[in-house]
Amino acid sequence: MSQIVRTQKIVSGGDCLAQINGKNVFIPFALPSETLEIEITKSFRDYDMAKITRVLEASPHRVTPFCPLYGLCGGCNMQHINIEEQKNLRKEILKDCFEREGIKNLPEIEIISGNDRNYRSRVQLTNGGFNKKESNEIVHLEACPIATKEINEYLKNTAQNARPTGRVHIFGDERITSDANDISKKLIVAEERDKSAFSKEVRLEGKISQKRREKLKLQQNRQFQGSSLNQNNRCRVKLLEKNITFDVQGFFQSNLEVLEKSITEISKNLGGNNLLDMYSGCGTFSVFLSDFFEKTCLVEHNRDAIVFAEENLSGKKHESFGLSGEKWVKFSAENYIKANGSFDAAVIDPPRSGMEKEISKWLCSKKIPQLRSVSCNPSTHARDASFLVKSGYKLTKLYLLDFYPHTSHIESMAFFEYTE
């Protein structure tokens, strides 16, 4: 049965909120302040989900989606909104998250953004296509307007039945400087890992081998062990005139334009003797920040990623720990400080779940003069920020990192200062 509603605000995840008889209703592909005819698709005790059957009064920000697969493909969910209003809405969601955590007097949220089309350099194909929205069915495609031209050339020139089966990561961008496995040398189609290589860890020593499947090895590092890598999945990109190597099967940002701008911003007015890079990944931030510090300490639980960090920071004074934040605090942090002195600054880039409790407590107690945190989840970022603020840190800057235009995905960056 159809019902008429007036939408209110957009919420995390991209749906719009409305109410029917006091019960919340969440509506995909809607905008605030629209009058809609809807049908309830799922009903729960505290809320309902609905679909639009007719737009009776459209928002002035509603536009025609530019992708013919929009609404069918499970990727974008904000193409029906003009790009500037998208930014405003994502900014409002971020602001709401921080205000809900009781953080008062927020600084004006700044937006770091780039091109809204042909920006995505990393995609995942499933049996040669994309997954449908909320489904395991596959959408077959020959182009994706938000993917880079290198990925679109691959989709156009590679028939559906010639693409790899299963879930496959593809990374394509003009910034690739390593030999890729595509004729253009600017695209890598990841090959599946050799699962047998993970049956046991190996001690790291020596230099990285150039063989296709070889143990990853390092010099003079006793604090972690690595695993094996399919050498065809190694990718090297040039960002801001520096080379960074990573595994295409692992995590790396897929909007390199916004990543470069974020690196530039996070590096401003930082420097000193000792830097902590917590949740360092392959060392993306440390590659640049190590120019401004005497020594860098990297902590990363993913030992495959930190093997690449060792490679990326070759020639820079640093120390790496292949440990979770919890274990680093428990077993290594104080010994490191005794040997090297207190930290002048820290960069934190945790997973979606946010900082581990032990890391949060440790940072709150150490009163590091400069903290810069990056997050892919505004809710946990706000939660972690509230602990820091309550312990005496001042939130001085807050950014929306607009990595994923036309989606509701929000990444953010916050700067904190501690002064006695």
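Thresholds applied
- Residues numbered from 1 in each chain as written.
- Predicted model: local features only at pLDDT ≥ 70, side-chain atom pairs only at ≥ 80, totals over all residues.
- Heavy atoms only, no water.
- Core = buried A, V, L, I, M, F, W, Y, C linked by side-chain atoms within 4.5 Å.
- Buried < 20%, exposed > 50% of the residue type's maximum accessible area, 1.4 Å probe, protein only.
- Helix = DSSP H or I, 4+ residues; strand = E, 2+ residues; numbered from the N terminus.
- Contact = heavy atoms within 4.5 Å.
- Pairing = 2+ DSSP bridges.
- Axes fitted to C-alpha atoms, helices over the stretch in contact; angles between N-to-C directions.
- Disulfide = S-S within 2.5 Å.
- 1 Å grid on protein atoms, 1.4 Å probe; cavity = no way out; pocket = protein on both sides within 12 Å on 5 of 7 lines; lining within 4 Å.
- Points joined across faces, edges and corners; volume = space filled by probe spheres on them.
- Nonpolar A, V, L, I, M, F, W, Y, C, P; charged D, E, K, R; others polar.
- Phe/Tyr/Trp six-rings, centres within 6.5 Å; stacked < 30°, edge-to-face > 60°.

### What about the nonpolar core?
Point 1. Membership of the largest hydrophobic core comes to 58 residues, with the highest contact counts inside it found for F171, V237, L239 and F252.
Point 2. The element contributing the most residues to this core is helix 3 (residues 256–266), with 5 residues.
Point 3. Setting aside anything within four residues of it in sequence, one finds F252 in contact with R122, F171, V237, L239, I244, F246, L259, C282 and T284.
Point 4. Grouped together as the second largest cluster of nonpolar side chains are 54 residues, F98, C297, Y393 and F416 included.

### Let's talk about the sheet that holds strand 17 (residues 293–299)
Strands in a sheet are paired, the pairing made by backbone hydrogen bonds, and the direction either parallel or antiparallel.
Point 1. Strands sit in the order 6-21-22-20-19-16-17-18 across an open sheet of 8 strands; the sheet is mixed. The sheet is open, and its two edges are formed by strand 6 (110–112) and strand 18 (318–321), each paired on a single side. Each neighbouring strand pair of the sheet contributes to a mean axis angle of 15°, computed without reference to strand direction.
Point 2. Helix 5 (residues 303–312) contacts strand 17 and strand 18 of the sheet and is inclined by roughly 170° relative to strand 18.

### Considering the state of the cysteines
Point 1. Enumeration according to the criterion identifies 0 disulfides in this entry.
Point 2. You can see C73 has no disulfide; the closest cysteine sulfur is in C144, sitting 6.7 Å from it.

### Some words on the environment of C297
Point 1. Secondary-structure assignment places C297 in strand 17.
Point 2. Spatially, the C-alpha atom of C297 lies 9.3 Å from that of A346, the residues being 49 residues apart in sequence.

### Re empty space enclosed by the protein
Point 1. According to the stated counting rule, one finds 1 cavity of 30 Å³ or more in the structure shown.
Point 2. Every residue lining the largest cavity is listed: I348, P350, M355, S373, V374, H381, D384, A385, L388 and F416.
Point 3. Counting only elements with at least two residues in the lining of the largest cavity, the list comes to strand 20 (370–375) and helix 9 (378–390).
Point 4. Looking at the lining of the largest cavity, the element that brings in the most residues is helix 9, giving 4 residues.
Point 5. Taken together, the residues that form the lining of the largest cavity break down as 7 nonpolar, 2 polar and 1 charged.

### Points about the packing of aromatic side chains
Point 1. Applying the stated criterion across every chain, the model contains 15 aromatic pairs.
Point 2. Summarising the aromatic geometry, the rings of F321 and Y336 are spaced 6.1 Å apart at their centres and angled 75° between planes, so their arrangement reads as edge-to-face. With a gap of 15 residues between them, F321 in strand 18 and Y336 in helix 7 (residues 333–340) connect regions that are remote in the sequence.
Point 3. Classification of Y336 as buried rests on a relative accessible area of 3%.
Point 4. Each member of the aromatic cluster is reached from another via a ring pair, and the members are F321, W328, Y336, F343 and W362.

Everything listed is a geometric property; what it means functionally is a separate question.
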